Amino acid sequence: MRPGDGKQWRSVCINLSVALRTDFIELRRMPVTDLMETAKEAAKIINGKHK
């Protein structure tokens, strides 16, 4: 994902915002690399809880 991928970036931010119960605007302000790392870490935690 690159900064120009607005729709995908927005979707990731919305999903993370709901899953983490955090501020959508703060996620949108994150650099793409940080956002993707955050998404990966959240997925690990969320998937681990569902096992």
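Procedures and definitions
Within every chain, residues take consecutive numbers counted from 1 along the sequence as written. For a predicted model such as this one, the threshold for reporting local features is a pLDDT of at least 70, and the threshold for listing and counting side-chain atom pairs is 80 or more; totals across whole chains, interfaces and linings nevertheless cover every residue. The side-chain numbers reported here are obtained from all heavy atoms of the structure, hydrogens and water having been left aside. Here a helix means four or more residues in a row that DSSP labels H or I, a strand means two or more in a row labelled E, and each is numbered from the N terminus. Exposed residues in this analysis have more than 50% of their type's maximum accessible area, buried residues have under 20%, and partly exposed residues fall in between, with area computed by a 1.4 Å probe over protein chains only. Residues are treated as being in contact if the distance between any of their heavy atoms lies within 4.5 Å. Per-residue accessibility takes into account occlusion by the displayed protein chains alone, with areas from the Shrake-Rupley method and a 1.4 Å probe. Here, a salt bridge means any Lys or Arg side-chain nitrogen found within 4 Å of an Asp or Glu carboxyl oxygen. Polar contacts, as used here, are pairs of N or O atoms within 3.5 Å; protein pairs need one atom able to donate a hydrogen and one able to accept it. Residues neighboring in sequence count only if both atoms are side-chain atoms.

**Q** Would you take a moment to explain the overall build of the protein for this structure?
**A** Looking only at helices and strands, one finds three helices and zero strands in the protein. Along the protein, helices and strands appear, N-terminal first, in the series α-α-α. In the protein, buried positions account for 20% of the 51 residues. Taking contacts inside the protein between residues at least 6 apart in sequence as the whole, the part at least 24 apart equals 24%. As displayed, the protein has an accessible area near 4,000 Å², and 54% of this comes from carbon and sulfur atoms.

**Q** Before we go on, may I ask you to explain the pattern of salt bridges in this structure?
**A** Oppositely charged side chains can pair when the atoms bearing their charge come close. Across all of its chains, the model carries three salt bridges by this definition. Put simply, R29 and E26 hold a salt bridge, and the shortest N to O gap is 3.1 Å. Here the residue R29 and the residue E26 both occupy positions in helix 2 (residues 24-29), the gap between them amounting to three residues, near one helical turn. According to the relative accessible area criterion, R29 is exposed, its value standing at 61%. Using a relative accessible area of 41% as the deciding quantity, one classes E26 as partly exposed.

**Q** Explanation requested: the environment of L27 in the structure shown.
**A** Within the element layout of this structure, L27 appears in helix 2. Along the backbone, L27 and L16 are 11 residues apart, and their C-alpha atoms lie at a distance of 8.0 Å. Beyond its immediate sequence surroundings of up to four residues, L27 is in contact with W9, C13, L16, S17, T22 and L35.

**Q** Just checking my understanding: could you explain the environment of R29 for this structure?
**A** Placed 16 residues apart in sequence, R29 and C13 show a C-alpha to C-alpha distance of 9.8 Å. Engagement of the side chain of R29 in a polar contact is seen with the side chain of E26, the distance being 3.1 Å.

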